[in-house]
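Results of the structural survey
Here is how the chains run, residue by residue.
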Amino acid sequence: MTVLENENHERSTVSVIGLGQLGTRLAQAFLSAGHTTTVWNRTAAKADALVEQGAARADSVAAALAASELVVVCLPDYATVQDLLGPVVDGLRGRVLVNLTSGTPEDATRAADWAAAHGAGYLDGAAMSGTRLVGRPEALFVFSGSPEAFATHRQVLASLGNAVYLGSNPMLAPVYDTALFGLVWGALAGFYHSVALVGAADVDPTAFAAVAKGHMPFVTSLMVDHARQIEDGGFPDDDGTVEVHRAAMEHLLHTSRTQGIGTDVPELFQTLLNRAAAGGHGQSGIASVVATIATGERNV
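Residues numbered from 1 in each chain as written. Predicted model: local features only at pLDDT ≥ 70, side-chain atom pairs only at ≥ 80, totals over all residues. Heavy atoms only, no water.

Notes on the sheet that holds strand 1 (residues 12-17)
- With mixed pairing, the eight strands of this open sheet are ordered in space as 3-2-1-4-5-6-7-8. Unpaired on one side and paired on the other, strand 3 (56-57) and strand 8 (162-167) mark the two borders of the sheet.
- Across four bridges, strand 1 lies against strand 2 (residues 37-40) in parallel orientation. When the bridges of strand 2 are listed, Val14 appears paired with Thr37.
- Each of strand 1, strand 2, strand 4 (68-73), strand 5 (96-99) and strand 6 (121-127) is contacted by helix 4 (residues 78-85), which is oriented at about 150° to strand 5, the strand it contacts most. (Pairing = 2+ DSSP bridges. Helix = DSSP H or I, 4+ residues; strand = E, 2+ residues; numbered from the N terminus. Contact = heavy atoms within 4.5 Å. Axes fitted to C-alpha atoms, helices over the stretch in contact; angles between N-to-C directions.)

The following block contains the structure:
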């Protein structure tokens, strides 16, 4: 069934425009939660499996907009969003546009202004848990923009996972998106180096990962404690001083070299500790490292 084939088709709860890997999972999550869902994709065949699962197929972008008050777009970039919606922009009036397209804070601000100029509520968003967890409670989705839009459609958006509202500034979602991406890569880089290090001693990666997983609650507790220190502007040495950690980092570098593995990751850590010490934080707690990052200092 298509939206245009049945003029009496009940108005959908949500329309999803863009059925790439993530867009498809979004639509499946809405369907699984029992929400009437309309889908559209430039390559129509990508909607076939979703239609079999109960989605309504829109024959055009205009039809997708007409079908629902809540319109979720998941496209390659913000330019594509405007290229698709621009010719039918009048259809946005009175609707809420949720943009789960990856982009920059500036992109989000421009998109919010554009939507508002055409009478639409706007939420910028980011899927922080990839595609595997979409539809499960542990999948993190962050949203920013119109508080009224989020409050109205919160229940539907919660079908995707843990829907967290960050605030009215639309740029907050892409800021969190990129910040959390950096956090993940920082953690993974440390993990990959650790796996290589223990692997040199013939330790199986999965055996190490099991121990590392048990250690992570301590690591995340440090994040919470150190966030408070950063907010307060004081850095107690409860978790060791910068100088203590510099010495430990030398041990990590030495062990890595003697085991014949790369030292790129610990060298980065050493650089940050050295800069903190040079900035007068040698006897401060390790959270003081943030000072050299926040001021944009560079090695020369």
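Quick word on the packing of aromatic side chains
- Enumeration over the complete set of coordinates arrives at six aromatic pairs.
- With a centroid separation of 4.9 Å and an interplanar angle of 20°, the aromatic rings of Phe150 and Tyr165 are classed as stacked. You can see Phe150 sitting in helix 6 (residues 147-157) and its partner Tyr165 sitting in strand 8, a full 15 residues away along the chain.
- Plain terms: the ring middles of Trp185 and Tyr192 are 6.1 Å apart, the flat faces sit at 75° to each other, and that makes the pair edge-to-face.
- Judged by its relative accessible area of 44%, Trp185 falls in the partly exposed class. (Phe/Tyr/Trp six-rings, centres within 6.5 Å; stacked < 30°, edge-to-face > 60°. Buried < 20%, exposed > 50% of the residue type's maximum accessible area, 1.4 Å probe, protein only.)

Observations concerning helix 8 (residues 205-232)
- Taking 1.5 Å of rise per residue, 28 residues should cover 40 Å, and helix 8 covers 39 Å from first to last C-alpha, within 8% of that figure.
- The largest bend in helix 8 is about 35°, located at His215, with the proline Pro217 one to four residues further on.
- Positioned one or two residues after helix 8, Gly233 has a phi angle of 80°, which is positive. (Expected span 1.5 Å × (residues − 1). Bend = angle between axes of the 7 residues up to and from the residue.)

Considerations on the nonpolar core
- Residues Leu26 and Val98 are the most contacted members of the largest nonpolar core, which totals 31 residues.
- At the level of secondary structure, the elements contributing two or more residues to this core comprise strand 1, helix 1 (21-32), helix 2 (48-52), strand 4, strand 5, strand 7 (140-145) and helix 6.
- Considering every element that reaches this core, the biggest residue donor is helix 1, with six residues. (Core = buried A, V, L, I, M, F, W, Y, C linked by side-chain atoms within 4.5 Å.)

Some words on the pairing of strand 1
- The element strand 1 is largely enclosed, with a buried count of five among its six residues.
- As paired elements, strand 1 and strand 4 share five bridges and run parallel to each other. Its bridge partner lying in strand 4, Ile17 is registered against Val73.
- Crossover connection from strand 1 via helix 1 to parallel strand 2: handedness right-handed. (Right-handed = clockwise from strand over helix to strand, strands pointing away.)

Remarks on the confidence of the model for the protein
- Chain-level statistics for the protein give a pLDDT mean of 94 and a share of 95% at 70 or above.
- Low pLDDT (under 50) marks residues 1-10, which in the prediction has 17 contacts with non-local residues, meaning those over four places away or in another chain. (pLDDT = per-residue confidence, 0-100.)

Comments concerning the pattern of salt bridges
- According to the stated counting rule, one finds five salt bridges in the structure shown.
- We note a salt bridge from Arg57 to Asp48, for which the minimum N-O separation is 2.8 Å.
- On the accessibility criterion, Asp48 (35% relative accessible area) is partly exposed.
- Between Arg136 and Glu138 there is a salt bridge, with its nearest N and O atoms 2.7 Å apart.
- Its relative accessible area of 41% is what places Arg136 among the partly exposed residues. (Salt bridge = Lys/Arg side-chain N within 4 Å of Asp/Glu carboxyl O.)

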